[in-house]
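A structural walkthrough
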Amino acid sequence: MIKKKLLYFSIITIILIAPIMYWLNAWWGVKFDGISFGTLMFVLSRDRFLLIATCINLSLYIFASVKIFTLKEKIEENTQSSNTGAKFERPSFLNNTTQDDVAKWEGLYGNNNNKNPQQPKPENAQVEETVNVSEKQEIAENTTVQPAQQIPTNNTPTPVKEEIKPSEENNVVNMNNTVTALDVYKNMIGDILTDNGYENIGAQVIANTDVDFVSIAESDTLILGMILMESGDMIANEISSGNDSPSWFTNEKKFTSPVWEMKNVANIVQNMINEVLPEDNGIMIKPIVVIPNATISNFEEIHSKWEEIGVDVVRFMNHSELPNLTDILPDKQGTEVLESYKNFTLTLMKYFNQKARKTPTKKVG
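Below is a summary of the structure that appears in this document. (Residues numbered from 1 in each chain as written. Predicted model: local features only at pLDDT ≥ 70, side-chain atom pairs only at ≥ 80, totals over all residues. Heavy atoms only, no water.)

**Looking at the nonpolar core**
What counts, and what does not: For the purposes of this section, nonpolar cores are sets of buried Ala, Val, Leu, Ile, Met, Phe, Trp, Tyr and Cys residues that join through side-chain atoms within 4.5 Å. To sort residues, take the accessible area from a 1.4 Å probe on protein chains only and compare it with the maximum for the residue type: under 20% means buried, over 50% means exposed, and anything in between is partly exposed. For helices the rule is a DSSP run of H or I covering at least 4 residues; for strands it is a run of E covering at least 2, with both sets numbered from the N terminus onward. Here a residue-residue contact requires only that any non-hydrogen atoms of the pair lie within 4.5 Å.
Formed by 38 residues in total, the largest nonpolar core has its most connected members in L224, W248, V269, I291, I296 and W306. Elements with a contribution of two residues or more to this core: strand 1 (199-206), strand 2 (209-217), strand 3 (221-227), helix 8 (258-276), strand 7 (284-291), strand 8 (294-296), helix 9 (299-309) and helix 11 (339-355). When residues in this core are grouped by element, the largest group, seven residues, is from helix 8. Apart from the residues within four sequence positions on either side, W306 is in contact with A236, E238, W248, V259, I296, F299, V311, V313 and L322.

Below is the structure:
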């Protein structure tokens, strides 16, 4: 039993504890031999996704451990009771079957149970038997089997039995959509924006560009953000050659500048707002590019160009030279979003999503 117990503990540890350790190592660089209570508390306070997953897995781990101990105790109790020599006589349905047993089963479940003389009957059995026979005769008289083409049509529609899918029948939820690192970053950035007084509109497609988060505050602030999922060292360039858009570079590839894309998106949104609202509407559009995993090698030479363009390039959960996301956000804590401004923004985003192509341009990174 000890071997089984160790096996069970190993299995639940691999299933419930190993993913938490992998996440700490992969995303936060915390090694197994370097985990301390202070480090764990700091990581959990900064990573809400890890905090929720840890609470759930720890609860399941404790529950499974209790079950293992309970299972062991039950097995030992059964073993002790079997060693005392106590024997239980169990009815056998396959061996030692007599004709009387067969007659009793026929009397209970057979078609002629009311004619079986060997089946015991209570005092009111005769009355119940008479009622059952009359009910069966009435049903038989009112039921006629006709060919399919002669069945008369009924004005009452026949209820259609809803087909239950195997997953619904077994109460199993199919999780075909995999949660990606981009989804995690979207949720975490959304929480930060909410804590700073913003209301999240969600990801949108504007001018065939995937905008990862759109948030509003009060009646005059609109945040448009893109998350760049590249990693490693990058060289940023904001000078276009000819009619081509400016490009950024990594060791492996070249791609369109996300700063240029977000500036283009901000200009399009600004022009649309100016068309439907007075020019002095006062709405401030703030385009942002978030870089959680990469480092800009030429940051000292390029950051002044970003200020000139009017796009903020920020870091998130890393220690690069870029400013932090919370440092460039206008503080809107304690404010509320005007309902009319929210409805206007939702209508605007709906217009851009409908105008976008069915297959939008592939997002940077």
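That covers the picture; the talk isn't over yet.
**Focus: the environment of Q270**
Among the structural elements, Q270 can be located in helix 8. Residues Q270 and I285 lie 15 residues apart in sequence; the distance between their C-alpha atoms is 7.3 Å. If sequence neighbours within four positions are ignored, Q270 has contacts with I283 and I285.

**Thoughts on a nonpolar patch on the surface**
Test applied: Patches here are clusters of residues that have more than 30% relative accessible area and form no salt bridge, with a 9 Å joining cutoff for like charges and a 5 Å cutoff for nonpolar side chains (Val, Leu, Ile, Met, Phe, Trp, Tyr). What sets the accessible areas is the Shrake-Rupley method with a 1.4 Å probe; for residues, cover comes only from the shown protein chains. Salt bridges are counted wherever a side-chain nitrogen of Lys or Arg sits within 4 Å of a carboxyl oxygen of Asp or Glu.
Taken together, the side chains of L7, Y8, I11, I14 and I15 present a nonpolar region at the surface, about 480 Å² in accessible area. Note on I11: relative accessible area 39%, which makes it partly exposed.

**Considerations on helix 9**
Helical geometry: 3.6 residues make up each α-helical turn, so side chains three or four residues apart lie on a common side. Heads up, the rule is: The arc refers to the directions leading from the helix axis to the C-beta atoms.
Of the positions making up helix 9, those classed as buried are F299, I302, W306 and I309. For helix 9, the angular spread of the buried residues around the axis is 80 degrees, confining them to a single face. For helix 9, exposure combined with an orientation more than 90 degrees from the buried face picks out E300, E301, E307 and E308. G310 lies just past helix 9 and shows a positive phi near 95 degrees.

Everything listed here is a matter of coordinates, which is why it stays silent on function.
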